[in-house]
Amino acid sequence: MQQVTKPCDPAPSRWSYRFQRLMLTPFFRLLLRVGVPFCFAFGMVTAYFGNEERQEKIVLAVADMRHQIETRPEFMVELLAIEGASESVEEDIREIFPFDFPTSSFDIDIAHVHEMISGLPAVRAADVRIRKGGTMVVTVSERVPVAVWRTWDELTLVDAEGFSVAELEARADRADLPVIAGEGADADVPGAMAILEAAAPLGARVLGLVRMGERRWDLVLDKDQRILLPEEGAVRALERVLVLNQTQDMLARDLTVVDMRLAGRPTVRMNEPAAQTWWRVRQSMTGIKQE
Amino acid sequence: MIELYDSQRAMRNMRKAAIQRGVVAVLDVGTSKIACLVLRFDGTERLSDYDGVGALAGQAGFRVIGAATTRSRGVRFGEISAMQETERAIRTALKAAQKMAQIRVDHVIACFSGALPRSYGLAGQVELESPMVTEQDVSRVLSACDVPDYGAGFDGGREVLHAQPVNFALDHRSGLGDPRGQIGQTLATDMHMVTVDAVAVQNLAHCVKRCDLELAGLASSAYVSGISALVEDEQELGAACIDFGGGSTGVSIFMKKHMIYTDSVRMGGDHVTSDISMGLQVPKSVAERIKTFYGGVVATGMDDREMIEIGGETGDWEHDRRNVSRAEVIGIMRPRVEEILEEVKTTLDGAGFNCLPSQQIVLTGGASQIPGLDGLASRILGQQVRLGRPLRVHGLPQAATGPSFASAVGMCLFAANPQDEWWDFEIPTDRYPARSLRRAVKWFKDNW
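Residues numbered from 1 in each chain as written. Chains lettered and ligands numbered in written order. Predicted model: local features only at pLDDT ≥ 70, side-chain atom pairs only at ≥ 80, totals over all residues. Heavy atoms only, no water.

Caption draft 1: A look at the overall build of chain A. The helix and strand tally for chain A stands at eight helices and 14 strands. Put simply, chain A has 291 residues, and 32% of those count as buried. Pairs at least 24 apart in sequence give 41% of the contacts found in chain A among residues at least 6 apart. Approximately 19,700 Å² of chain A is accessible, and the part contributed by carbon and sulfur atoms is 58%. (Helix = DSSP H or I, 4+ residues; strand = E, 2+ residues; numbered from the N terminus. Buried < 20%, exposed > 50% of the residue type's maximum accessible area, 1.4 Å probe, protein only. Contact = heavy atoms within 4.5 Å. Areas by Shrake-Rupley, 256 points an atom, 1.4 Å probe, with all protein chains shown as cover.)

Caption draft 2: The arrangement of the sheet that holds strand β3 (residues 62–71) of chain B in detail. Residues and elements named next belong to chain B. Reading across from one edge, β3-β2-β1-β6-β11 is the order of the five strands in this open sheet, with mixed pairing throughout. Two strands bound the open sheet, and with one partner strand each, they are β3 and β11 (214–220). Within this sheet the neighbouring strands show an average axis-to-axis angle of 20°, counted without direction. Across seven bridges, strand β1 (residues 23–29) lies against strand β2 (residues 33–41) in antiparallel orientation. (Pairing = 2+ DSSP bridges. Axes fitted to C-alpha atoms, helices over the stretch in contact; angles between N-to-C directions.)

Caption draft 3: Geometry of helix α12 (residues 373–381) of chain B. Residue and element names in this part refer to chain B. Residues of α12 that are buried: L373, L376, A377, S378, I380 and L381. Looking at the buried positions of α12, the neighbouring elements they touch are β12 (239–244), α11 (326–351), β17 (360–364) and β18 (385–387). Following α12 by one or two positions, G382 has its phi on the positive side, about 145°.

Caption draft 4: Quick look at the packing of helix α2 (residues 26–49) of chain A against helix α3 (residues 52–70) of chain A. All names here are of chain A. Contact geometry of α2 with α3 gives a least axis separation of 7 Å together with a crossing angle of 90°. On the basis of the axis angle, α2 is roughly perpendicular to α3. Here α2 contributes A47, Y48 and F49 to the contact with α3, which in turn contributes R54, Q55 and I58. (Parallel < 35°, antiparallel > 145°, perpendicular 65-115°, else oblique.)

Caption draft 5: How the structure looks around the environment of P12 of chain A. Inspection of the secondary structure puts P12 of chain A in the segment before α1 (14–23). Residues within four places of P12 of chain A in sequence aside, it is in contact with Y17 of chain A together with R91, T92 and K95 of chain B.

Caption draft 6: Up close: the packing of aromatic side chains. Using the criterion set out here, one finds seven aromatic pairs over all chains in the structure. Between F38 of chain A and F42 of chain A the ring centres are 6.0 Å apart and the planes differ by 20°, which places this aromatic pair in the stacked class. Of this pair, F38 of chain A and F42 of chain A are both found in helix α2, four residues apart, which corresponds to roughly one turn of the helix. Judged by its relative accessible area of 55%, F38 of chain A is exposed. Ring-pair connections join several aromatic residues into one group, and the members of that group are Y223, F254 and F414 of chain B. Over the face of the ring belonging to W217 of chain A we find R211 of chain A, whose NZ or CZ atom lies 5.0 Å from the ring centre. The ring of F414 of chain B is capped by R15 of chain B, whose NZ or CZ atom sits 4.9 Å from the centre of that ring. (Phe/Tyr/Trp six-rings, centres within 6.5 Å; stacked < 30°, edge-to-face > 60°. Lys NZ or Arg CZ within 6 Å of the ring centre and 35° of its normal.)

Caption draft 7: A look at the layout of surface pockets. Residues and elements named next belong to chain B. One number sums up the size of the second largest pocket: a volume of about 690 Å³. What lines the second largest pocket is a set of 39 residues, and nearest its centre among them are S32, G246, G366, A367 and S404. Those elements that place two or more of their residues in the lining of the second largest pocket are β1, β3, α5 (221–229), β12, α7 (269–280), α8 (284–294), α11 and α13 (406–416). Ranked by the residues each element gives to the lining of the second largest pocket, the list is headed by α8, at five residues. When grouped by side-chain class, the residues that make up the lining of the second largest pocket number eleven nonpolar, 20 polar and eight charged. (1 Å grid on protein atoms, 1.4 Å probe; cavity = no way out; pocket = protein on both sides within 12 Å on 5 of 7 lines; lining within 4 Å. Points joined across faces, edges and corners; volume = space filled by probe spheres on them. Nonpolar A, V, L, I, M, F, W, Y, C, P; charged D, E, K, R; others polar.)

Caption draft 8: Fine view of the sheet that holds strand β10 (residues 186–197) of chain B. Residue and element names in this part refer to chain B. Ordered by their spatial adjacency, four strands build an open sheet running β7-β10-β8-β9, and the pairing between neighbours is antiparallel. Two strands close off the open sheet at either side, each with one partner strand: β7 (118–127) and β9 (173–176). The mean angle between the axes of side-by-side strands here comes to 35°, regardless of whether they run parallel or antiparallel. As judged from the two bridges shared by strand β8 (residues 158–170) and β9, these two strands associate in the antiparallel manner. Counterpart to L170 in the pairing with β9 is R173. Where helix α3 (residues 135–143) meets the sheet, its contacts fall on β7, β8 and β10, and the angle it forms with β10 comes to roughly 55°.

Caption draft 9: The arrangement of the interface of chain A and chain B in detail. Between chain A and chain B, the residue contacts involve 15 residues of the former and 18 residues of the latter. Across the chain A to chain B interface the summed buried area is about 1,500 Å²; carbon plus sulfur atoms make up 43%. Broken down residue by residue, the surface that chain A buries against chain B is led by R14, Y17 and R21 of chain A, which jointly contribute 41%. Applying the counting rule to chain A against chain B returns three salt bridges. Counting across the interface, chain A meets chain B through ten residue pairs in polar contact (both at pLDDT 80 or more). The element best represented in the side of chain A that touches chain B is α1 of chain A, accounting for seven residues. Tallied by class, residues from the side of chain A that touches chain B come to six nonpolar, four polar and five charged. (Buried area = accessible area lost by both parts, 1.4 Å probe. Salt bridge = Lys/Arg side-chain N within 4 Å of Asp/Glu carboxyl O. Polar contact = N/O pair within 3.5 Å; in protein donor to acceptor, adjacent residues only side chain to side chain.)

Caption draft 10: Region of the structure containing empty space enclosed by the protein. Residue and element names in this part refer to chain B. All told, the structure shown has four cavities of 30 Å³ or more when counted by the stated rule. Here the largest cavity is characterised by a volume of approximately 70 Å³. Surrounding the largest cavity, Q8, M11, R12, R15, L161, A216, G217, L218, F414, E421 and W423 form its lining. Breaking the lining of the largest cavity down by element, the ones donating at least two residues are α1 (6–21) and β11. With four residues, the single largest contributor to the lining of the largest cavity is α1. Taken as a whole, the second largest cavity spans an internal volume of roughly 50 Å³. Lining the second largest cavity are V29, G78, E79, I80, F112, A200 and L204. Every element with two or more residues in the lining of the second largest cavity is listed here: β5 (79–80) and α4 (198–210). Its residues assigned to classes, the lining of the second largest cavity comprises five nonpolar, one polar and one charged.

Caption draft 11: Looking closely at unusual backbone geometry. Residues and elements named next belong to chain B. Phi is positive for F77, close to 55°, though the residue is something other than glycine. Relative to the elements of secondary structure, F77 occurs in the loop between β4 (75–76) and β5. Of note in this structure, K256 is not a glycine but carries a positive phi near 50°. Along the polypeptide, K256 turns up in the loop between β13 (249–255) and β14 (258–265).

Structure below.
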């Protein structure tokens, strides 16, 4: 029997040969192994999420879940505890605190709260944290006023660094603090404090300090007396005055101004009658006849 | 002369690139089978820059990762006669080899046995410009070889397949392997050149191109089977390798590790088969089967009693039930084998093989598996005859270790350790095109 059909050609056709070579190409294999699944998955996901309704649903579901977790009792803050603050400061803090309790700790922006509390004039430093059990603890260290700063229209309490702490109704409210005055007086509160410390021997005679020209201090005493201090070495100059006062009882005399601005030439301005008297005495001492 | 080698140079560059990439295919286009091996170079061994044979006979650098054989189609006498058919056969072999290797091959080195190879011995001589032999001097002496008119330059002409310098001589000191750096005045060289029919080369190149591959090298099958079948001392002392193929029988003579002569006899195993087919009135396939199972060249008394059923499909009972004795088959085969061997003998005599110090003859190729061939060959060719099998290379499947794969295995060695050919040397300066930088440098050197 002869075979009716032609025996099939063992050789691969040109296209099957090329296809096999293509499948053996490393880059193409990589493309098939990685690229096709990636594109397929990407396409599926894109098609699924292309629908607006589905997107909305998913966003809602996620938001809902998030809300559920956030409002769990473990994450709720119910109390604001303030430590280390005086009553007025505490009131201020409670007033500016932007959240209503109870609220979730996810919603509270602690950095923002910290910034706000630190921004209060009476607060030097604040420490804000949420303690276990739903308590928000604010530890505050207040500014301590060291002086009363009198300006044209108001009285202000300033601390050692010159920050104004609070306003004052009347000077008598804080009679224990010294007064400083003048424009720019708050810029050199430490210097003022040093001068006032040095002026302690004068006791109650010191009324306060006046900042002159935003660069130097005048020490104002009662009986309209002033000690003009230099810009540099004010304490030293004051000490010199005090020594003079001790030895010669200078300030008890009838003078208005002790000018220490030039260290080499301390000057004293006397009152009018005293000056008259002084001239007369000198004339009599030199023997000039009174006319 | 130089322009002729541009394609060879291009192929050599392509081979370098392929080896750099690590994968190259070896294709043996034979008359009866097409074998394809896929080699992977792991780069463990540098491919040049050393003399002699490297570790593991120079095979440490590569491994066979794919091997396939298919029945050849459209090839006669080792030349492509039907391109479409051959292209399909090459495709079959390559596909199977690529599948086994699991890698895509882009470069292929091919060999073929036919196309009337012709050997030429060339000699050249130059005076050295400087006392020391430089690379340029070597190039110059190679260019100075007087090339015979081998029929190049026209369509259907011939093309140079191999051009290997086999010997350098410097002032009566001959036998130098590498003259560079030596002191002398006159440099002479002997070169062995093999030319083949250009048409056959073009056909093969076209077939390979049709398979989407780049041809990265060409070799003569007689040469590469000599590389794989001859052992080192045979190559050194002088030996002839006779590659009994299907359609043609290649002869190559080696001496001092260089091929010094090659030729082919346009007869082979297929002619034996067709003799049987004609003598017994059977189809080619049956004749081939009878040849491989019962063939031989020396008949004994036992063979008279061994009856072979021929079989047939004509429907004629008498015709389909014929028996022949094995002695008859041998009687048909022997004259043809003798004829082939006589032709080989003529070729060897013409080449002056009997002047060589050692006259070892190695039979290899598929048809060398005929039982008793070595005995017959030693009666015709000379006493020192042995059957050769190709070297073992890494990863070669057991099925591809037989003598019929001598040229395929030889191609592997050829790919891994190519011999220096003419086109591997520098182009001599005076052959450079005008306006070349190198030429300008030479002018400065000469004038200052």
